[in-house]
Number of protein chains: 2
Amino acid sequence: MTCGSEFAPHLRSRGFRVTTQRLAVLHVLRHSTKRLSPGQVWQQACLSLPGLTETTVYRTLDFLVENGLAWRIPLDKGHLVYEIAGPRHHHLICRNCGDEMQVDHSLVSRMYAKLEAASGYQLSGDHMTLFGLCPECQKSKRLKGVT
Amino acid sequence: MTCGSEFAPHLRSRGFRVTTQRLAVLHVLRHSTKRLSPGQVWQQACLSLPGLTETTVYRTLDFLVENGLAWRIPLDKGHLVYEIAGPRHHHLICRNCGDEMQVDHSLVSRMYAKLEAASGYQLSGDHMTLFGLCPECQKSKRLKGVT
DNA sequence: ACGCTTATTGTAAGAAGTTGCAATAAGACA
DNA sequence: TGTCTTATTGCAACTTCTTACAATAAGCGT
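Quick caveat, the model's predicted, so the values are computed rather than measured. (Residues numbered from 1 in each chain as written. Chains lettered and ligands numbered in written order. Predicted model: local features only at pLDDT ≥ 70, side-chain atom pairs only at ≥ 80, totals over all residues.)

Trainee: What's the story with the overall build of chain A in this structure? I'm lost.
Mentor: Assigned secondary structure in chain A consists of 6 helices and 6 strands. Taken from the N to the C terminus, the helices and strands of chain A come in the order α-α-α-α-β-β-β-β-α-β-β-α. Expressed along its principal axes, the backbone C-alpha trace of chain A runs to roughly 55 × 40 × 25 Å. A burial count over chain A gives 24% of its 147 residues as buried. Here the contacts in chain A between residues at least 6 apart in sequence split such that 46% fall between residues at least 24 apart. (Helix = DSSP H or I, 4+ residues; strand = E, 2+ residues; numbered from the N terminus. Buried ≥ 20, exposed ≤ 12 C-beta atoms within 10 Å, placed from the backbone. Contact = placed C-beta atoms within 7 Å.)

Here it is, written out as C-alpha cells:
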C-alpha cells in the first residue's frame, strides 16, 4: 500500500493513529477515477481489508474530510460522495443525464472574495457542486418542449 | 389554512392534486422563520393533521422542491433542511457556532454567468450554502490559537 | 521486544430516509 | 350529487446512516 508513506506523517504529526482501516479507505479514494459513495468505498476497501465495517468507513470518511485529506460532496438530494483531496476545483452536474464537469476554482474565486468582503466571514476551501442542464440536454429538452 | 388559495392554482394548473397533506406541509414551511428538517416538518404538520406519515412528508418535500415551491438546503454533513421558496438568496454558515447569514443573489450572479459562459451549462436557480467562520468565531479562534 | 495508555474499531441497537404495493380520496364529467 | 379515473397516501419492509460502549491495537517509553 504505497499510500501509507504518503499520508502517515501528515496524520501522525497531528497525534492521530495510522490504522490499516484508514489506509485501506485512503487507498480506495486515492485510486478511484470517480467520486464514491460510502457504500462503494466500503465494498472496494473490503477487497483489501476483509472484515472492515461500514461503520468504520463512515467514521473514517468523516475523519479524512475533517483533516483535509478527502472532500465530501453532497449530490442532488443530499447523498454524499467522496473524493481524495487535490487541486481545488468544483463540479457542475447535469440534472437530466448526470453528466459531470469540472471547473477550475479560478472561475469562482472572485465571488468568494466578494462574499468574504461583504459578510466578514472567512470561507473555508470547500468544494462546490452546482446543478443545471448540460449543453446536450438543453438541446433535447428544447426539442421535446420540456421546461 | 390561508395557504391553500395561495398555492392551489399553481399546483392544479399543472395537473397535480391539492391534498390536505400538501397543504399541511406547505403551511408549516410558510409560517416558519427558520429552515426545518423533515422530522421537524413532520412534527409540526402533525399538529394540524394528525396521522400524517413521515413517508408522506419526505415525498411531499421532494415534490415541493421539484415544483419550485420550496428549497432544499444541504447542511454540513448532507443533512437536508427545507424552506419555503422566496426571493433568491444564499446562506453562509459558521462551522464553529452555527450562525447563519443570508446573502443576496446579486453577489454571486456574476459567477453564475461566468460559469455558464465557460461551461455551456444552463445552471438552475439553486440555493447555495457555503461554510466558513463568522467574524466572531474568527476572533475567538485566533485567541485560542486554533486553526 | 514488552507493557501501558488511550485513540480507534467492531458490535449491536437505533434513527433517518427510501421503496413497492394496495387502499384512499382529489378532480373531472355526467 | 354520484361515479369514475388515477394521483397520492399509508403501510410495512428495507436500506442507509448514527451512536454507545466494550474490545482491540497504534504508538510511546522502557
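Trainee: I keep staring at the sheet that holds strand 3 (residues 89–94) of chain B and nothing clicks. Help me out?
Mentor: In any sheet, the strands associate via hydrogen bonds between backbone groups, in a parallel or an antiparallel arrangement. An order of 5(A)-6(B)-3(B)-4(B) is seen for the 4 strands of this open sheet, with the pairing classed as mixed. Looking at the sheet topology across the chains shown, the edges are occupied by strand 5 (122–123) of chain A together with strand 4 (100–104) of chain B. Bridge count between strand 3 of chain B and strand 6 (residues 129–133) of chain B: 4 bridges; the pairing is parallel. The partner of L92 of chain B across the bridge, within strand 6 of chain B, is L130 of chain B. (Pairing = 2+ DSSP bridges.)

Trainee: What is the right way to read the protein's contact with DNA strand D from this model?
Mentor: The environment of DNA strand D is made up of 25 residues, and the closest members are R17 and V18 of chain A together with F16, Q21 and T56 of chain B. Elements that contribute at least two residues to the surface near DNA strand D include exactly helix 3 (38–48) and helix 4 (54–66) of chain A together with helix 2 (20–30) and helix 4 (54–66) of chain B. The biggest single contributor to the surface near DNA strand D is helix 4 of chain B, with 4 residues. Residue composition of the surface near DNA strand D, by class: 6 nonpolar, 13 polar and 6 charged. (Near = placed C-beta within 6 Å. Nonpolar A, V, L, I, M, F, W, Y, C, P; charged D, E, K, R; others polar.)

Trainee: What am I meant to see in the protein's contact with DNA strand C here?
Mentor: If you check the shell around DNA strand C, you find 24 residues, and the closest are F16, Q21, T53 and T56 of chain A together with V18 of chain B. Of all the elements in the fold, those that place two or more residues in the surface near DNA strand C are helix 2 (20–30) and helix 4 of chain A together with helix 3 (38–48) and helix 4 of chain B. The biggest single contributor to the surface near DNA strand C is helix 4 of chain A, with 4 residues. Of the residues that constitute the surface near DNA strand C, the class distribution is 6 nonpolar, 12 polar and 6 charged.

Trainee: How should the relation of the copies chain B and chain A be read in this particular structure?
Mentor: Each of the two chain copies can be generated from the other by rotation about an axis followed by a shift along it. For the pair chain B and chain A, the relating rotation is 180°, the translation along its axis is 0.0 Å, and the fit reaches an RMSD of 0.1 Å. Put plainly, the chains are arranged around a two-fold axis. Distance from the rotation axis, computed per C-alpha, reaches its smallest value in chain B at G78 of chain B: 2.5 Å. When the interface residues of chain B are mapped onto chain A, 100% of them are again interface residues, pointing to one common binding face. (Least-squares fit on C-alpha atoms with pLDDT ≥ 70 in both.)

Trainee: Sorry if this is basic, but what is going on with the packing of helix 2 of chain A against helix 4 of chain A here?
Mentor: When two helices pack together, their arrangement is given by the angle between their axes and by how far apart the axes lie. All names here are of chain A. In the contact formed by helix 2 and helix 4, the axes pass within 10 Å of each other and the chain directions differ by 75°. The orientation of helix 2 with respect to helix 4, classified from their angle, is roughly perpendicular. Judged by residue contacts, Q21, R22, V25 and L26 of helix 2 engage T56, V57, T60, L61 and L64 from helix 4. Looking at the contact of helix 2 with helix 4, its residues break down into 5 nonpolar, 3 polar and 1 charged. (Axes fitted to C-alpha atoms, helices over the stretch in contact; angles between N-to-C directions. Parallel < 35°, antiparallel > 145°, perpendicular 65-115°, else oblique.)

Trainee: Even after reading the chapter, I still don't get the interface of chain B and chain A, so can you show me in this structure?
Mentor: By convention, interface size is frequently given as the accessible area that disappears when the constituent parts associate. At the junction of the two partners, chain B supplies 27 residues and chain A supplies 27 residues. Those elements that place two or more of their residues in the side of chain B that touches chain A are strand 4, helix 5 (106–119), strand 5 (122–123), strand 6 and helix 6 (135–144) of chain B. Counting residues per element, the side of chain B that touches chain A draws most heavily on helix 5 of chain B, which supplies 7 residues. Classifying every residue of the side of chain B that touches chain A by side-chain character gives 17 nonpolar, 7 polar and 3 charged. Here 2 bridges tie strand 5 of chain A to strand 6 of chain B, and the two strands are oriented antiparallel to one another. Directly across from Q122 of chain A, in strand 6 of chain B, lies its bridge partner L133 of chain B.

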